[in-house]
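So you can see what is in the structure, the chains are spelled out below.
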Amino acid sequence: MREEIQVTGIILYATLVKEYDKRLVILTKERGKITVFANGARKAVSQLRAASQSFVMGTFTVFPGRDSYTLVKAEVREYFSGLPLDMEKLCYASYVCEFMSYYTREGCYCVNELNLLYVTLKALEQGTVDNQLIRYVFEVRLMDIEGQGIHAYTCVRCNKKELKYFNAKAGGLLCEACGKELKLTRTVSETLIYTLQYIQSADLTKLYAFQLSEDAMSELKYVADRFREAYIDREFKSLEILSSL
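Presented here is a report on the structure given in the accompanying data block. (Residues numbered from 1 in each chain as written. Predicted model: local features only at pLDDT ≥ 70, side-chain atom pairs only at ≥ 80, totals over all residues. Heavy atoms only, no water.)

### Here's the deal with the overall build of the protein chain
Link 1 in the chain: Across its full length, the protein chain holds seven helices and eight strands.
Link 2 in the chain: Dimensions along the principal axes, computed over C-alpha positions, put the protein chain at roughly 65 × 40 × 30 Å.
Link 3 in the chain: Burial statistics for the protein chain: of 245 residues in total, 48% are counted as buried.
Link 4 in the chain: Nonlocal contacts in the protein chain, meaning residues at least 24 apart in sequence, comprise 58% of its contacts between residues at least 6 apart.
Link 5 in the chain: For the protein chain, the computed accessible surface area is about 12,700 Å², with 47% contributed by carbon and sulfur atoms.
Link 6 in the chain: Charge separation in the protein chain, taken as the distance between the mean sites of 32 positive and 31 negative side-chain charges, equals 3 Å. (Helix = DSSP H or I, 4+ residues; strand = E, 2+ residues; numbered from the N terminus. Buried < 20%, exposed > 50% of the residue type's maximum accessible area, 1.4 Å probe, protein only. Contact = heavy atoms within 4.5 Å. Areas by Shrake-Rupley, 256 points an atom, 1.4 Å probe, with all protein chains shown as cover. Lys, Arg positive; Asp, Glu negative; His and termini not counted. Charge placed at Lys NZ, Arg CZ, Asp CG, Glu CD.)

### Considerations on the packing of helix H3 (residues 131–145) against helix H6 (residues 214–231)
Link 1 in the chain: For the pair H3 and H6, interaxial distance at closest approach is 10 Å and the crossing angle is 45°. Compared by their axis directions, H3 and H6 come out oblique. When the axes of H3 and H6 are compared, the crossing they make is left-handed. Mapping the contact onto sequence places Gln132, Leu133, Arg135, Tyr136, Glu139, Val140 and Met143 in H3 and Met217, Leu220, Lys221, Ala224, Asp225, Phe227, Arg228 and Tyr231 in H6. (Axes fitted to C-alpha atoms, helices over the stretch in contact; angles between N-to-C directions. Parallel < 35°, antiparallel > 145°, perpendicular 65-115°, else oblique. Left-handed = near helix turned anticlockwise from the far one by under 90°.)

### A word on the pattern of salt bridges
Link 1 in the chain: Applying the stated rule across the entire model yields 12 salt bridges.
Link 2 in the chain: The partner of Arg228 in a salt bridge is Glu139, and the shortest N-O contact between them spans 3.3 Å. Placement of Arg228 in helix H6 and of Glu139 in helix H3 is noted, with a sequence separation of 89 residues between them. For the pair Arg228 and Glu139, a shared accessibility class is recorded, and that class is buried. (Salt bridge = Lys/Arg side-chain N within 4 Å of Asp/Glu carboxyl O.)

### Points about the packing of helix H1 (residues 87–103) against helix H7 (residues 237–244)
Link 1 in the chain: The geometry of H1 relative to H7 is characterised by a closest axis approach of 8 Å and an angle of 155° between their N-to-C directions. In terms of orientation, H1 lies roughly antiparallel with respect to H7. At the point where H1 passes H7, the crossing takes the left-handed sense. Together, Cys91, Tyr92, Ser94, Tyr95 and Glu98 of H1 and Lys237, Ser238, Leu239, Ile241 and Leu242 of H7 make up the contact between the two elements.
Link 2 in the chain: Residues that form the contact of H1 with H7 fall into these classes: six nonpolar, two polar and two charged. (Nonpolar A, V, L, I, M, F, W, Y, C, P; charged D, E, K, R; others polar.)

### With respect to the sheet that holds strand E5 (residues 69–78)
Link 1 in the chain: With respect to topology, five strands assemble into a closed barrel ordered E1-E2-E3-E5-E4, the strand pairing being mixed. For this sheet, the mean angle separating the axes of adjacent strands, direction not counted, is 45°.
Link 2 in the chain: In the sheet, strand E3 (residues 32–38) pairs with E5 via two bridges, with the strands oriented parallel. Pairing of Phe37 across the sheet is with Thr70, part of E5.
Link 3 in the chain: Contacting strand E1 (5–17), strand E2 (21–28) and E3, H1 crosses the sheet at an angle of about 115° to E1. (Pairing = 2+ DSSP bridges.)

### Quick look at unusual backbone geometry
Link 1 in the chain: Positive phi, close to 80°, is recorded for Phe55, a residue that is not glycine.
Link 2 in the chain: Tracing the backbone shows Phe55 in the loop between E3 and strand E4 (57–64).
Link 3 in the chain: Assessed through its relative accessible area of 4%, Phe55 is described here as buried.
Link 4 in the chain: Phi is positive for Asn159, close to 70°, though the residue is something other than glycine.
Link 5 in the chain: Positionally, Asn159 belongs in the loop between H3 and strand E6 (165–167).
Link 6 in the chain: The exposure class assigned to Asn159 is exposed, which follows from its relative accessible area of 53%.

Listed below in structure tokens is the structure:
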């Protein structure tokens, strides 16, 4: 007989189903990305109403079914209540959750992903770091966690440490000799090289503890965009909304 279980996680998104119910997709530390139905959560008297919102972090007691779970109760630790109050922050937070959803699945231990998502949503809510910088730092770090990161410490072809070029399809940074052999390479600055290495190695508590100049931000944007386009085979709805802002 199946029993109730507890999972710790963050709600990636919530959608309305039937008249009073919600369908939640939760990234959990213990079981990866799971689908949870919150029955009656839209009723004014429901104890699940406040806890069944996008971005809510907490401990969720769920009952497992064949393909999904049913929410029994929730102990909320963080609402990230500042995000829905700012349209730009809300859009960036939605994109971060959609990007995370792309990489995660049920049955995986997702402690690194969950911790990254938490510090990212917190950084967006606090507003001390540029939203666009948060987005690209998040992308680079998550792809690295998932084993698909930018090769940023040595030449991706010959392992030399003297780096000068970037090529997305090659997998990352290149030395001068290897870069000249390939088409569609772009010269990169020392600032960009250091930034990529910092993003991939920094403690999560310090991940968003820096700013970039306009030129450096433009360079990071180019590299992150080209790398994402080369290795991710889908369009993100929230990214389309961000592009229109």
